[in-house]
Amino acid sequence: MDVDTRLLRYFAAVAQEGNLTRAARRLFVSQPALTKQIRQLEAQLGVELFTRSRAGMTLTEPGRALAAGVPGLLADWDRLLLGTRSAAARAGRVLRVGFLASAANELTPQIVAAFVRRRPGWRVDMRQAPWSDPTAGLGEGTVDAALLRLPFPGQDQLRVEVLLTEPRCVVLAVAHPLAGRDEIPFRELWDEPFVAAPPETGSWQDYWLATDEREGRPARIGTVTENPDEWLSAIANGYGIALAPESAARFYPRPGIVYRPVTGVSPSSVGIAWAPAADTDPVIQDFVRCCLDNRPPDPT
């Protein structure tokens, strides 16, 4: 019997979380889709893996037996997959690097140039991901490393080094009543509709809504977008406002919107991330070293 490894990953997440909602957020999928996948796995195996109740998902005896072996099986598969893709990359001398929005800001070309000097004949293939995938392909193993905004879902399962930190600002339509202000306290924005990332991103969406800094007041979501162009259009058209890293004003200027400093929210960081299995990959580690060598000096 052949079983899709994706189904096993979904099973492992539900087994670890004991809750469909939390597992769906962790996996960046909808809860109905996750429920369907778990049912499909049970049908393929011919056993019931969970007992469902209002309290959550409890493993059955067959479920506990599967849960005991799946993490090791998936880890072995990830190492094999990484090794295969690394071999293909070496053959083509291509390093695949995922990123979101502006990657590592102005540091990105410096990092790429440093890597090419370190690895003559190699090319860095920069692959931009939608906001529905905050790991920019790293979680699925389709890239070798990624330049990511922190924090992101699944971060504790990857290696991460912080490269830079910058304040967050607020992005508004030029017609917004607060657009003329020089600085805006976040408290004054609590009741505003926000342009948000997809709900399946879980904690990623929460971070860019500054959920933890609202003193318990729920965020209002005006609309959901997948990428910077949709995001900018939604703000300009008045569907909501948004938080953004300060550098967005440099990388995404656009008629009809303004960027304003905001107080009362934590800063945003960019990090270089890679899978633990890549700790011994000399090419990926060379790229990591180039990232760390080109970090801006500590302002303190």
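Note that the structure is predicted; figures quoted are calculated from it, not measured. (Residues numbered from 1 in each chain as written. Predicted model: local features only at pLDDT ≥ 70, side-chain atom pairs only at ≥ 80, totals over all residues. Heavy atoms only, no water.)

Description of unusual backbone geometry
Going from L150 to P151, the amide bond is cis rather than trans, its omega being -5°. You can see P151 is positioned in the loop between β5 (145–150) and β6 (159–166). In this model, A210 sits at a positive phi of 55°, which is unusual for a non-glycine residue. Looking at where A210 falls in the secondary structure, it is placed in the loop between α6 (203–208) and β10 (220–224). Of note in the backbone geometry, E215 takes a positive phi value of approximately 55° without being a glycine. Along the polypeptide, E215 turns up in the loop between α6 and β10. (Helix = DSSP H or I, 4+ residues; strand = E, 2+ residues; numbered from the N terminus.)

Here's the deal with empty space enclosed by the protein
Following the criterion strictly, the structure yields two cavities of 30 Å³ or more and no others. Considered as a void within the structure, the largest cavity measures approximately 320 Å³ in volume. Together, 20 residues line the largest cavity, and W131, W208, W231, L243 and P245 are the ones closest to its centre. Residue assignment for the lining of the largest cavity shows that the elements contributing at least two residues are β9 (193–196), α6, α7 (228–236) and β11 (242–245). Of the residues forming the lining of the largest cavity, the biggest block, four residues, is contributed by β11. Along the lines of polarity and charge, the residues of the lining of the largest cavity split into 17 nonpolar, two polar and one charged. (1 Å grid on protein atoms, 1.4 Å probe; cavity = no way out; pocket = protein on both sides within 12 Å on 5 of 7 lines; lining within 4 Å. Points joined across faces, edges and corners; volume = space filled by probe spheres on them. Nonpolar A, V, L, I, M, F, W, Y, C, P; charged D, E, K, R; others polar.)

Structural notes on the packing of aromatic side chains
According to the stated counting rule, one finds seven aromatic pairs in the structure shown. When the centroid spacing of 6.5 Å and the interplanar angle of 80° are considered together, the rings of F186 and F194 count as edge-to-face. Look at F186 and you get buried, because its relative accessible area is 1%. For F194, a relative accessible area of 0% gives the class buried. A centroid spacing of 5.1 Å and a plane angle of 90° characterise the contact between Y207 and W208, whose relative ring orientation is edge-to-face. Take Y207 and W208: they sit in the same class, and that class is buried. Ring-pair connections join several aromatic residues into one group, and the members of that group are F115, W122 and F287. Over the aromatic face of Y207 sits the side chain of R168, whose NZ or CZ is 4.0 Å from the ring centroid. Sitting over the face of the ring of F194, R214 holds its NZ or CZ atom 4.8 Å from the ring centroid. (Phe/Tyr/Trp six-rings, centres within 6.5 Å; stacked < 30°, edge-to-face > 60°. Buried < 20%, exposed > 50% of the residue type's maximum accessible area, 1.4 Å probe, protein only. Lys NZ or Arg CZ within 6 Å of the ring centre and 35° of its normal.)

Here we look at the pairing of strand β2 (residues 56–59)
Here strand β1 (residues 50–53) pairs with β2 via four bridges, running antiparallel. By the bridge assignment for β2, T51 is matched with T58. The hairpin formed by β1 and β2 contains two residues between the paired strands. (Pairing = 2+ DSSP bridges.)

A word on the state of the cysteines
By definition, a disulfide links two cysteine residues through a covalent bond between their sulfur atoms. Taken as a whole and judged by the stated rule, the model has zero disulfides. Between C290, a cysteine without a disulfide, and C291, which holds the nearest cysteine sulfur, the sulfur-to-sulfur distance is 7.1 Å. (Disulfide = S-S within 2.5 Å.)

Points about the layout of surface pockets
In this structure, the largest pocket encloses a volume near 1,200 Å³. Along its surface, the largest pocket is lined by 38 residues, and R9, D78, G139, E140 and Q157 are the ones closest to its centre. Elements that contribute at least two residues to the lining of the largest pocket include exactly α1 (5–17), α2 (20–27) and α4 (61–92). Considering every element that reaches the lining of the largest pocket, the biggest residue donor is α4, with nine residues. Considering only residue class, the lining of the largest pocket consists of 20 nonpolar, eight polar and ten charged.

Comments concerning the packing of helix α5 (residues 107–118) against helix α9 (residues 282–293)
If you want to describe how two helices pack, look at the angle between their axes and the distance between the axes. Following both chains from N to C, one finds α5 and α9 inclined at 135°, their axes separated by 9 Å at the closest point. Between α5 and α9, the crossing angle belongs to the class labelled oblique. Here α5 runs over α9; the crossing is right-handed. Facing α5, whose interface residues are I111, A114, F115 and R118, α9 presents V283, D286, F287, R289, C290, C291 and D293. Counted by class, the contact of α5 with α9 contains seven nonpolar, no polar and four charged residues. (Axes fitted to C-alpha atoms, helices over the stretch in contact; angles between N-to-C directions. Parallel < 35°, antiparallel > 145°, perpendicular 65-115°, else oblique. Left-handed = near helix turned anticlockwise from the far one by under 90°. Contact = heavy atoms within 4.5 Å.)

So, the pattern of salt bridges
Counted under the stated rule, the structure contains 18 salt bridges. With a shortest N-O distance of 3.1 Å, E215 and R187 are connected by a salt bridge. Within this pair, whereas E215 is found in the loop between α6 and β10, its partner R187 is found in the loop between β8 (184–185) and β9, the two being separated by 28 residues in sequence. Across this residue pair, the class does not change: E215 and R187 are exposed. One connected set of salt bridges, linked through shared partners, spans R118, R119, D286, R289 and D293. (Salt bridge = Lys/Arg side-chain N within 4 Å of Asp/Glu carboxyl O.)

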